[in-house]
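Residues per chain, in single letters:
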Amino acid sequence: MPLTATGQRIILSDVHLSYGSQPVLRGLTLHVEPGEIYALLGGNGAGKSTTMSTLLGFTRPDSGTVLVAGHDPAAEPDRAREQIAYVPENVALYEHLNARENAAYLLALAGLQPGMQDIEGAFEATGLQREAWDKRLSGFSKGMRQKVAIAIALLREVPVLLLDEPSSGLDPRATADFNRLVHDVARRGAAVLMVTHDLLSAADIADRIGFLDAGRIVDEACAQPPERFDVRALHRKFTREVAVA
Ligand SMILES: Nc1ncnc2c1ncn2[C@@H]1O[C@H](COP(=O)(O)OP(=O)(O)OP(=O)(O)O)[C@@H](O)[C@H]1O
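No experiment lies behind these values; they were computed from the predicted model shown.

Engineer: Mind showing me how you'd approach the pattern of salt bridges here?
Structural biologist: A pair can form between side chains of opposite charge whenever their charged atoms are brought close. Taken as a whole and judged by the stated rule, the model has 11 salt bridges. The residue aspartate 134 makes a salt bridge to arginine 100 at a minimum N-O spacing of 2.6 Å. You can see aspartate 134 sitting in the loop between α4 (116-126) and α5 (142-156) and its partner arginine 100 sitting in helix α3 (residues 99-109), a full 34 residues away along the chain. According to the relative accessible area criterion, arginine 100 is buried, its value standing at 15%. The residue aspartate 177 makes a salt bridge to arginine 180 at a minimum N-O spacing of 2.6 Å. Of this pair, aspartate 177 and arginine 180 both sit in helix α6 (residues 172-187), separated by three residues, roughly a single helical turn.

Engineer: Help me understand the domain arrangement of the protein, please; the structure alone is not making it clear to me.
Structural biologist: Quite often, the size of an interface is put as the accessible area lost when its parts meet. In terms of domain boundaries, the protein breaks down into domain 1 (1-83 + 162-245) and domain 2 (91-157). Taking only C-alpha atoms into account, the centre of domain 1 sits 25 Å from that of domain 2. Listed as interface residues are 13 residues of domain 1 and, on the opposing side, 10 residues of domain 2. Carbon and sulfur atoms make up 61% of the area that domain 1 and domain 2 hide from each other, which totals about 880 Å². Here domain 1 and domain 2 share one salt bridge between them. With its nearest N and O atoms 3.9 Å apart, the salt bridge here joins aspartate 177 to lysine 147. At the boundary of domain 1 with domain 2, the tally comes to four residue pairs in polar contact (both at pLDDT 80 or more). Counting residues per element, the side of domain 1 that touches domain 2 draws most heavily on α6, at four residues. Class assignment of the residues belonging to the side of domain 1 that touches domain 2 gives a composition of seven nonpolar, one polar and five charged.

Engineer: Please explain a nonpolar patch on the surface as it appears in this structure.
Structural biologist: A surface patch of nonpolar side chains, about 300 Å² in accessible area, is lined by Tyr94, Tyr105 and Leu109. You can call leucine 109 exposed: its relative accessible area is 55%.

Engineer: Is there a simple way to explain the pairing of strand β3 (residues 37-42) in this structure?
Structural biologist: Within a regular strand, side chains alternate between the sheet's two faces. With six of six residues buried, β3 is to be regarded as a mostly interior element. The two faces of β3 match: Ile37, Ala39 and Leu41 on one face and Tyr38, Leu40 and Gly42 on the other face are all buried. As defined by bridge partners, β3 adjoins strand β7 (residues 191-196) across five bridges and the pair is classed as parallel. Paired with tyrosine 38 across the bridge in β7 is leucine 193. Examined bridge by bridge, β3 and strand β8 (residues 208-213) share five bridges and lie parallel to one another. Looking across to β8, one finds that tyrosine 38 is bridged to arginine 208.

Engineer: Looking at this structure, how should I read the site of the ligand?
Structural biologist: Tyr19, Gln22, Val24, Gly43, Asn44, Gly45, Ala46, Gly47, Lys48, Ser49, Thr50 and His197 make up every residue found near the ligand. The contact in question runs from an oxygen atom of the ligand to an N or O atom on the backbone of glycine 47, over 2.9 Å. The separation between an oxygen atom of the ligand and a polar side-chain atom of threonine 50 is 2.6 Å. With the chains in place, 57% of the 640 Å² that the ligand exposes on its own is no longer accessible. At the level of secondary structure, the elements contributing two or more residues to the shell around the ligand comprise β2 (22-32) and α1 (48-55). Looking at the shell around the ligand, the element that brings in the most residues is α1, giving three residues. Partitioning the shell around the ligand into residue classes produces three nonpolar, eight polar and one charged.

Engineer: How should the packing of aromatic side chains be read in this particular structure?
Structural biologist: In this description, a pair of aromatic rings is defined by centroid distance and the angle of the planes. Applying the stated criterion across every chain, the model contains two aromatic pairs. Ring geometry for tyrosine 94 and tyrosine 105: centres 5.3 Å apart, planes at 80 degrees, overall edge-to-face. Note that tyrosine 94 is positioned in the loop between β5 (84-87) and α3 and tyrosine 105 in helix α3, a separation of 11 residues in sequence. Looking at tyrosine 94, the relative accessible area reads 34%, which means it is partly exposed. Since its relative accessible area comes to 40%, tyrosine 105 is described here as partly exposed.

What counts as what
Residues numbered from 1 in each chain as written. Predicted model: local features only at pLDDT ≥ 70, side-chain atom pairs only at ≥ 80, totals over all residues. Heavy atoms only, no water. Salt bridge = Lys/Arg side-chain N within 4 Å of Asp/Glu carboxyl O. Helix = DSSP H or I, 4+ residues; strand = E, 2+ residues; numbered from the N terminus. Buried < 20%, exposed > 50% of the residue type's maximum accessible area, 1.4 Å probe, protein only. Domains from an automatic or database assignment. Contact = heavy atoms within 4.5 Å. Buried area = accessible area lost by both parts, 1.4 Å probe. Polar contact = N/O pair within 3.5 Å; in protein donor to acceptor, adjacent residues only side chain to side chain. Nonpolar A, V, L, I, M, F, W, Y, C, P; charged D, E, K, R; others polar. Patch = residues over 30% accessible without salt bridge, like charges linked within 9 Å, V, L, I, M, F, W, Y side chains within 5 Å. Areas by Shrake-Rupley, 256 points an atom, 1.4 Å probe, with all protein chains shown as cover. Pairing = 2+ DSSP bridges. Near = heavy atom within 4 Å. Phe/Tyr/Trp six-rings, centres within 6.5 Å; stacked < 30°, edge-to-face > 60°.

The structure is reproduced here in structure tokens:
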């Protein structure tokens, strides 16, 4: 697994990107280490999706450095994407296939052929109920779909997990389940970057929170035990900084 000299799995360094004449990323710098969960919190239009798209190699920055496990997604999109499990806001799976078939098929597309026991082990690790394993995806909730996507990520053993608005539309119990699961993935050594509007979920899960506004990080907060984050202070800071930055 290629790492950068500093051991950082995700590197965005002084990244600038414009759509036409509109600057969207304006000197974005953030790093995520193996085993770390970084929440990128920002309001509408701050540049969260553009950041994800840049890491996935779908948009090319005008300047700056982007590295995913040592690969530049603009120059080597396939190599970079091999390192990434991406869980979008709405997970797209094959609706007419059941959960096992989805996992087997999508892993085969990634060149992997896990045994059924491995797939079941990954479903168990995600807490996907046994009764759901043979059901078609068309009846699955968002939380169940996320569990299938994370099970696939576990089986791919990728070093980087990208999560786009993972808690939107999930009830508090499903959010807590999902957050536990993401912690497990990080504990196995993956670098996790999630983009979100949801301060509570970010505070619950992240080791670090970066406040993104107008395409750059305007503040960062680190989890401090035992309370991790002072959510009220973060909320004040977030609303003030986004308002004045
Ligand atoms: N393909 C595109 N072409 C032109 N402008 C775009 C494109 N994608 C995004 N933008 C603009 O770039 C800015 C940042 O958009 P982006 O989707 O990255 O923000 P975001 O933080 O994800 O917002 P939201 O929370 O609303 O999804 C916005 O002003 C948006 O209109």
